[in-house]
Amino acid sequence: MAQTSEIPARTKAAVGAPVVEFTDVHTKLGGRQILDGLTFDVRKGETFVIIGYSGTGKSVTLRHLVGLMQPDAGSIRVENEEITTMSGRELADMRRKFGVLFQSGALIAWLTVFENVELPLLEHSRHSRKRRAEIIEEKLKLVNLWPDKDKYPAEISGGMKKRAGLARAIALDAQIVLYDEPSSGLDPVIANEVDKLINSLRDKLGVTSIVVTHDMESAYFIADRIGMFYKGRMIQIGTPDEIRNSTIPEVRHFITGGKEGALSMRSHAAIGTGRAPGMEHPSMRVEPPAAPQTSSGDTTIMQGFVLLDEIPPERSRAEQTTAHGISGDAKVRGTQPVEDGEKTRLGVASDATVRGAQPVNARDLEEVTPNAPTTLSGRQVVTEEDDDEIVDLSKTEEDTQSRTASGRYVMDEEEPEQEDSSIAVPADKTAIEPLALEPEPAPKPVVQDLSPEQPEELK
Amino acid sequence: MNASENIWPLSFLRTAGYTLVMLLNALGHVTDLYKRSRAVFTQMYVIGVESLPIACFFLMLVGMVFALQTGIELSRFNQTSLVGIIIAAGMVRELGPWMTAFVLVARVGGSMAAEIGTMKVSEEIDALDVMSINPVSFVVMPRLLGYAIMGPILTVIATCVGIAGGAIVARVQLGVQFSDFIRNARNGVEPLDIYWGALKSLVFSLTAATVACSYGMRTSGGAVGVGAASRNTVVVSLTLIVFFNYLLTSFYRIVKTLITGA
Ligand SMILES: Nc1ncnc2c1ncn2[C@@H]1O[C@H](COP(=O)(O)OP(=O)(O)O)[C@@H](O)[C@H]1O
Ligand SMILES: [Mg+2]
């Protein structure tokens with residue numbers, strides 16, 4: 001495990017003592033060990049990016065940092081003060097050091113965009129009304145929301161909410177800013193602007209940032225160090241280059257979007273539970289049972305329905321299957337986005353080698369009508385029931401929204417499995433793609449000054 | 001999640017404890033009024049002004065039915081003209097306070113819990129916490145205060161409308177002159193009755209607002225959780241209101257005998 005915490009040269013001058021230190025933090029939530037020996041530190045003035053699969057505990061980590069959740073064991077220090085034992089008043093003081101951008105924006109529904117940004121200023125500053133208006137205008141222009149300042153949260157899009165949340169997070173010029181998936185839900189141009197903003201806050205004001213993201217291009221662009229969160233701890237912490245060239249299979253799997261560094265279904269499912277919970281379900285047959293099939297121990301033969309992680313559902317079936325290394329002779333019956341849009345439910349009609357698959361969890365399985373396995377001496381017989389099952393699946397209420405957005409792919413038995421390079425990929429998705437294929441992506445342009453007047457205004 | 005949470009005495013104690021602490025906390029934050037005045041006025045408008053028509057309509061019909069029923073019984077003893085005493089006393093001491101409270105719970109309580117619950121599940125409450133803005137001061141206190149101020153005012157107005165409804169029925173259907181009705185009504189109501197009705201209304205309002213905020217603040221589990229918070233608020237508020245009403249009426253009787261006996 002190539003653990004390193006060396007500070008990259010470009011920010012060495014700006015980086016000082018640790019401002020945030022997690023030491024051996026353990027937390028169990030809902031019976032699952034979400035944080036399991038989490039240890040990392042963030043130095044003054046650096047941008048620390050946390051990457052990792054969704055639903056594994058990255059947001060939970062940030063919530064611990066601002067005292068919204070308490071660990072079962074371990075120590076969390078902010079500027080050398082232990083926060084796990086703080087009283088309510090001490091916590092309130094400690095939190096003023098933080099600006100937090102929540103994953104959903106978390107705007108107060110009955111206040112306009114303008115009033116939301118004004119909120120921390122009203123509560124914690126003694127600025128005049130005029131000065132407040134100036135600060136708000138500056139922050140809202142920074143995130144391109146000034147024209148929408150009088151709208152209510154219900155009247156703006158998810159991305160706009162997030163930008164408004166960002167403006168609010170930096171309204172008081174916090175020294176430490178936490179960003180929970182700042183660029184998800186934003187178009188590439190705005191996402192890039194947010195990245196530049198994070199960089200300019202660091203370079204001009206020495207702000208320490210902790211960013212949770214799925215977007216590797218963004219991570220490489222903004223990070224001084226990247227930590228890969230996996231199974232409740234950091235399995236690698238390193239500079240963007242070290243992460244890019246990581247040899248740890250789980251890290252490779254994540255940063256290449258599943259194309260490399262295969263992750264066994266068993267190991268993936270083992271997050272939190274130590275076993276694959278969906279295995280016993282009659283609609284998911286595993287033959288032979290979840291045994292590693294290759295010498296590297298990272299593929300699994302299985303049949304039934306699996307959830308594929310991290311593949312945008314709007315990609316084509318061919319991409320879905322090749323990305324997960326499903327062997328060519330596997331018959332893919334249909335893919336379906338699951339409601340959160342981050343996973344795709346994939347019906348595998350015959351035994352298939354599935355890489356990076358996640359067994360369906362109990363809740364998803366409840367929606368699947370169990371049917372008898374239809375394998376006859378290793379050969380797949382497609383029955384009416386099979387079709388019905390897939391149709392049934394597509395009718396589950398929770399899926400309706402995302403399914404109608406992306407359609408469903410069903411492949412005929414006769415049609416050969418093929419990777420069609422001409423398949424149209426939405427423009428905003430291609431932006432992420434090259435990273436996964438090229439070991440050395442073209443560096444992004446030098447940090448642009450987002451707002452020339454910023455230093456004086458922010459001070 | 002774990003088993004102990006499902007044992008009802010424990011969860012009941014936890015709920016009651018949380019709710020009491022939240023109530024005291026909110027009362028302590030009344031000192032933040034100077035910066036929450038706008039929110040308090042908004043709540044007063046939503047709770048009081050917007051509920052006024054429906055509360056008056058309800059109480060008027062209650063007064064009318066009440067007058068009819070008592071009229072039927074009183075006519076057996078040829079005492080129909082006494083209907084004013086019974087209507088006024090009954091409306092001021094009982095029906096006015098708790099029928100208004102019921103209307104308010106239906107119109108405001110459930111939606112208040114849903115609103116706060118939505119804030120909880122969409123991380124807005126957390127956002128307030130990390131901005132070091134006390135959610136009890138920002139969210140709970142204005143609602144509690146708005147409810148506690150407007151509940152009694154609404155009760156007074158709606159009760160008057162209810163008595164007026166009774167007077168109209170007495171005049172039109174029972175043939176009792178307005179002057180007789182009013183004279184009897186005055187005899188039926190003492191100052192203590194009015195204070196007690198207002199006290200009841202204040203207790204009911206605080207109860208409903210506290211229950212709504214408590215369920216709202218403890219919401220978890222997305223839209224389903226918000227629905228449950230709203231439903232529990234209505235059920236628990238109404239139950240507590242009829243229970244407290246019984247206690248307060250019992251007290252009233254004791255106080256009244258003390259005063260008249262002394
Ligand atoms: N308050 C909570 N109670 C129980 N489980 C929780 C709670 N908060 C989060 N979890 C669980 O912890 C896991 C990690 O959640 P989260 O940190 O939001 O994931 P992500 O890495 O995508 O940000 C999820 O499985 C979630 O269901
Ligand atoms: Mg998250």
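Refer to the preceding data block for the structure.
Because the structure is a prediction, the values reported are computed rather than measured.

Undergrad: How should the pairing of strand 9 (residues 225-230) of chain A be read in this particular structure?
TA: Along a regular strand, successive side chains alternate from one face of the sheet to the other. Residues and elements named next belong to chain A. Burial analysis of strand 9 places six of its six residues in the buried class, the great majority of the element. Burial along strand 9 is two-sided: Arg225, Gly227 and Phe229 facing one way and Ile226, Met228 and Tyr230 facing the other are all buried. Pairing of strand 3 (residues 47-51) with strand 9 involves four bridges; the strand directions are parallel. By the bridge assignment for strand 9, Val49 is matched with Ile226. Where strand 9 and strand 10 (residues 233-238) come together, five bridges link them in antiparallel fashion. Looking across to strand 10, one finds that Phe229 is bridged to Met234. Here strand 9 folds back onto strand 10, and the loop between the two strands holds two residues, one of which, Lys231, carries a positive phi near 50 degrees.

Undergrad: Can you help me understand the packing of helix 8 (residues 191-217) of chain B against helix 9 (residues 222-261) of chain B in this one?
TA: In helix packing, the relevant descriptors are the interaxial angle and the interaxial distance, both defined with respect to the helix axes. All names here are of chain B. Put simply, helix 8 and helix 9 touch, their axes get as near as 9 Å, and they point 155 degrees apart. Compared by their axis directions, helix 8 and helix 9 come out roughly antiparallel. Seen along the crossing, helix 8 lies across helix 9 with a hand that is right-handed. Looking at the contact of helix 8 with helix 9, its residues break down into 19 nonpolar, six polar and three charged.

Undergrad: What's the story with the environment of A:Phe221 in this structure? I'm lost.
TA: With respect to the secondary-structure elements, A:Phe221 resides in helix 7 (residues 216-222). Given the relative accessible area of 11%, A:Phe221 is considered buried.

Undergrad: I keep staring at the site of ligand 1 and nothing clicks. Help me out?
TA: Residue and element names in this part refer to chain A. Looking at ligand 1, there are 13 residues lining it, with Arg32, Gly55, Lys58, Ser59 and Val60 nearest. Between ligand 1 and the protein, one listed contact pairs an oxygen atom with a backbone N or O atom of Gly55 at 2.6 Å. When ligand 1 sits alone it has 560 Å² of accessible area, and the protein chains cover 65% of it. Secondary-structure elements contributing two or more residues to the shell around ligand 1 are strand 2 (32-43) and helix 1 (58-65). Counted by class, the shell around ligand 1 contains five nonpolar, six polar and two charged residues.

Undergrad: Could you clarify how one ought to interpret helix 2 (residues 88-95) of chain A in this entry?
TA: Each α-helix winds once per 3.6 residues, and so residues spaced three or four apart point in a common direction. All buried positions along helix 2 of chain A are accounted for by A:Leu91, A:Met94 and A:Arg95. What you see down the axis of helix 2 of chain A is that its buried residues fit within an arc of 95 degrees, all on one side.

Undergrad: What exactly am I supposed to notice about the coordination of the magnesium ion (ligand 2) here?
TA: Reference geometry at the metal: tetrahedral coordination by four donors gives ideal angles of 109.5 degrees; octahedral coordination by six donors gives 90 or 180 degrees. Residue and element names in this part refer to chain A. Around the magnesium ion (ligand 2), the protein contributes the donor atoms Ser59 (OG) and Gln103 (OE1), which lie 2.1 to 2.5 Å from the metal centre. With a gap of 44 residues between them, Ser59 in helix 1 and Gln103 in the loop between strand 6 (98-101) and helix 3 (113-124) connect regions that are remote in the sequence. Judged by its relative accessible area of 29%, Gln103 is partly exposed.

Undergrad: Looking at this structure, I do not really get the sheet that holds strand 5 (residues 81-82) of chain A. What am I missing?
TA: The strands making up a sheet associate through hydrogen bonds between their backbones, and the pairing can be parallel or antiparallel. One open sheet accounts for four strands, arranged 2-1-4-5 (chain A); its pairing is antiparallel. Of all strands in the sheet, those bounded by a partner on one side alone are strand 2 and strand 5 of chain A.

Definitions and cut-offs
- Residues numbered from 1 in each chain as written.
- Chains lettered and ligands numbered in written order.
- Predicted model: local features only at pLDDT ≥ 70, side-chain atom pairs only at ≥ 80, totals over all residues.
- Heavy atoms only, no water.
- Buried < 20%, exposed > 50% of the residue type's maximum accessible area, 1.4 Å probe, protein only.
- Helix = DSSP H or I, 4+ residues; strand = E, 2+ residues; numbered from the N terminus.
- Pairing = 2+ DSSP bridges.
- Axes fitted to C-alpha atoms, helices over the stretch in contact; angles between N-to-C directions.
- Parallel < 35°, antiparallel > 145°, perpendicular 65-115°, else oblique.
- Left-handed = near helix turned anticlockwise from the far one by under 90°.
- Nonpolar A, V, L, I, M, F, W, Y, C, P; charged D, E, K, R; others polar.
- Near = heavy atom within 4 Å.
- Polar contact = N/O pair within 3.5 Å; in protein donor to acceptor, adjacent residues only side chain to side chain.
- Areas by Shrake-Rupley, 256 points an atom, 1.4 Å probe, with all protein chains shown as cover.
- Arc of directions from axis to C-beta.
- Donors = N, O, S within 2.8 Å, 3.2 Å for Na, K, Ca; no water.

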